[in-house]
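The residues making up each chain are set out below.
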Amino acid sequence: MTSSRTYDAIVIGGGHNGLVNGAYLAKSGLRTLILERRHLVGGAAITEQLMPGFHFTTFSYAISLLRPDIIHELDLVRHGYFPLLMPTTFAPMDNGDHLLLGQDRHENIHEIGRHSLHDADAYDQYSHDIAQVVQAMKPLFDQIPPDLFSDDPDELLRLAGLGAHLKALPKRVLHNCVRLLTGSAADFLDDYFESDVLKGLLSSSSIIGTKVGPRSQGSGLVLLFHNMGEQDGSFGSWGFHKGGNGGFTQVLARAAQAFGAEIVLDAAVDHVITSNGRATGVALADGTELSASVVVSALDPRRTFMELVDPRELPTDLVDGITRFRFQGTSSKVNFALDGLPTFPGLDGSQFRGFTNIAPSMDYLERAFDEAKYGWYSSKPYLDCCIQSTIDPDMAPAGKHVMSCFTHYTPYRLNGSDWDTERDHLGDTVQRRLEELFPGFSQLVLRREVVTPLDIERVVGLSEGNIFAGELMGPQMFFFRPAPGWNQYRTPIDGYYQCCSGTHPGGCVTGGPGRLAARQILGDRDGTLHT
């Protein structure tokens, strides 16, 4: 435990947003302490060994939405930042065919043309239209949102600026923005494409981490959100960090420490200490009390407002907003240690150097969603798989592999059973689906790990196992994340702030909440407006 008892700032939680926030605060000159409940930093972005020599990204498994400014401002490359491009997306089909997309536009169009010449002709227009919407939304993604409910002149000016930004957009771009932010992914994709496999692949990005199907209102927002990511300026591209996402959060920890932040592990916080409406420090589970004029929670909104502080200290409307904030986790992970690469007819194995996307049609995804709507996990699940050892050989022994399978839909609350009972059955369901597509897969399995929404909640602390610390739904974004009037990282308790993925811009490994919360904190301290 730390020998000091007094700091300028204490950050609760050493997940990626807590580390980013602590690094920025320390860089500004604040004496900063980051407290992590577990024996390692990273939150859901960790790498562990399932068996000797086999390294797994237990929960979060890829990088794309990390805000580029963080890389430069925190000098992450100097501390070992090393993203590896996931160069392909492979979509196997039950009839033995496939769709394989890569980095070459002409090859992609030719490959799409095997399934539909119409879709090959439409692909450039779709890519152009999505890119325009992404560029239109990017400034909003990377700024502290205006407070819609404030009468402060500065906030009114910022609202006017937001209106001016939207008004300046071309009509088609603005209309596409509205369609994606409010409508379904299926409606949008149907305007461009006809082939089942292409629409299944593209629409799978509209359901990640959220209890919607591709035909649900709101799935367009999730599709847009996942297109906001980039690798080296290429929007929509995804990468895998050397050593997994745990390798990335170790980079963040080194950066924070280089700026002077102190990190303490195995330090569970029991509650935030307050006096006369102001945060004055934290009390640890072992009874230790630490003082600071700034306390930042990197835990999800439910834990930030309903557990770390007494809800009776908070306004009724905020408590009501957090009570109604939707989590309803629907995602699981099944991780495999493999004796070799799976095989697929007609391909040489290089297709596994990227994502393997098992979503052969939008109908397939909708049927998977149907089961989740009624409280059960999908019998034919959506799987987003990565064999990370194909691009980072250090993840597994020579000739062996590790495979990560993000699994949808697996609702947190099961109808008539529980996840302790169903954990192995879920693993069997996923393995059986992989066997159907890759005959002989089961003979390659050396060990299997099943991580359910309940496990995510128990281990990482994310309420209901929601990987985004709250669903990505219109009523829970921008002006309203996590609650109306509390979307600027402050809380009603002076000196107490929030920086988790349950704040703007939202989930995935973005670092955006940590960075923007630090800007707000520093602006409050020096009396300037940080946007």
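Before reading further, recall that the structure is shown in the block above.
Residues numbered from 1 in each chain as written. Predicted model: local features only at pLDDT ≥ 70, side-chain atom pairs only at ≥ 80, totals over all residues. Heavy atoms only, no water.

1. Here's the deal with the environment of Ala-283
Part 1: By secondary structure assignment, the location of Ala-283 is in strand 13 (residues 278-284).
Part 2: Given the relative accessible area of 4%, Ala-283 is considered buried.
Part 3: Measuring from C-alpha to C-alpha, the distance between Ala-283 and Leu-308 comes to 9.7 Å, with 25 residues separating the pair along the chain.
Part 4: With residues up to four places along the chain from it excluded, the contact list for Ala-283 reads Val-269, Asp-270, His-271, Ile-273, Thr-288 and Glu-289. (Helix = DSSP H or I, 4+ residues; strand = E, 2+ residues; numbered from the N terminus. Buried < 20%, exposed > 50% of the residue type's maximum accessible area, 1.4 Å probe, protein only. Contact = heavy atoms within 4.5 Å.)

2. Some thoughts on the packing of helix 4 (residues 117-141) against helix 5 (residues 153-167)
Part 1: Interaxial distance between helix 4 and helix 5 falls to 11 Å at its minimum, and their mutual angle equals 170°. Comparing the axis directions of helix 4 and helix 5 gives the class roughly antiparallel. Residues Ala-136, Met-137, Pro-139 and Leu-140 of helix 4 form the contact with helix 5, whose participating residues are Leu-162, His-165 and Leu-166.
Part 2: Taken together, the residues of the contact of helix 4 with helix 5 sort by class into six nonpolar, one polar and no charged. (Axes fitted to C-alpha atoms, helices over the stretch in contact; angles between N-to-C directions. Parallel < 35°, antiparallel > 145°, perpendicular 65-115°, else oblique. Nonpolar A, V, L, I, M, F, W, Y, C, P; charged D, E, K, R; others polar.)

3. Digging into the packing of aromatic side chains
Part 1: Summed over all chains, the structure comprises 23 aromatic pairs.
Part 2: Relative to Phe-468, the ring of Phe-225 lies with its centre 6.4 Å away and its plane at 50°, an arrangement referred to as tilted. Separated by 243 residues along the polypeptide, Phe-225 in helix 9 (residues 219-226) and Phe-468 in the loop between helix 16 (453-460) and strand 20 (496-498) bring together distant segments of the chain. Neither Phe-225 nor Phe-468 differs from the other in exposure class; each is buried.
Part 3: With a centroid separation of 6.1 Å and an interplanar angle of 70°, the aromatic rings of Phe-479 and Phe-480 are classed as edge-to-face.
Part 4: Given a relative accessible area of 26%, Phe-480 falls into the partly exposed group.
Part 5: An aromatic cluster of three or more residues is present, and its members are Tyr-123, Tyr-126, Phe-188, Tyr-192 and Phe-193.
Part 6: Of note, Arg-31 hangs over the ring of Tyr-7, and the distance from its end group to the ring centre comes to 4.9 Å. (Phe/Tyr/Trp six-rings, centres within 6.5 Å; stacked < 30°, edge-to-face > 60°. Lys NZ or Arg CZ within 6 Å of the ring centre and 35° of its normal.)

By themselves, these figures tell us nothing about what the structure is for.
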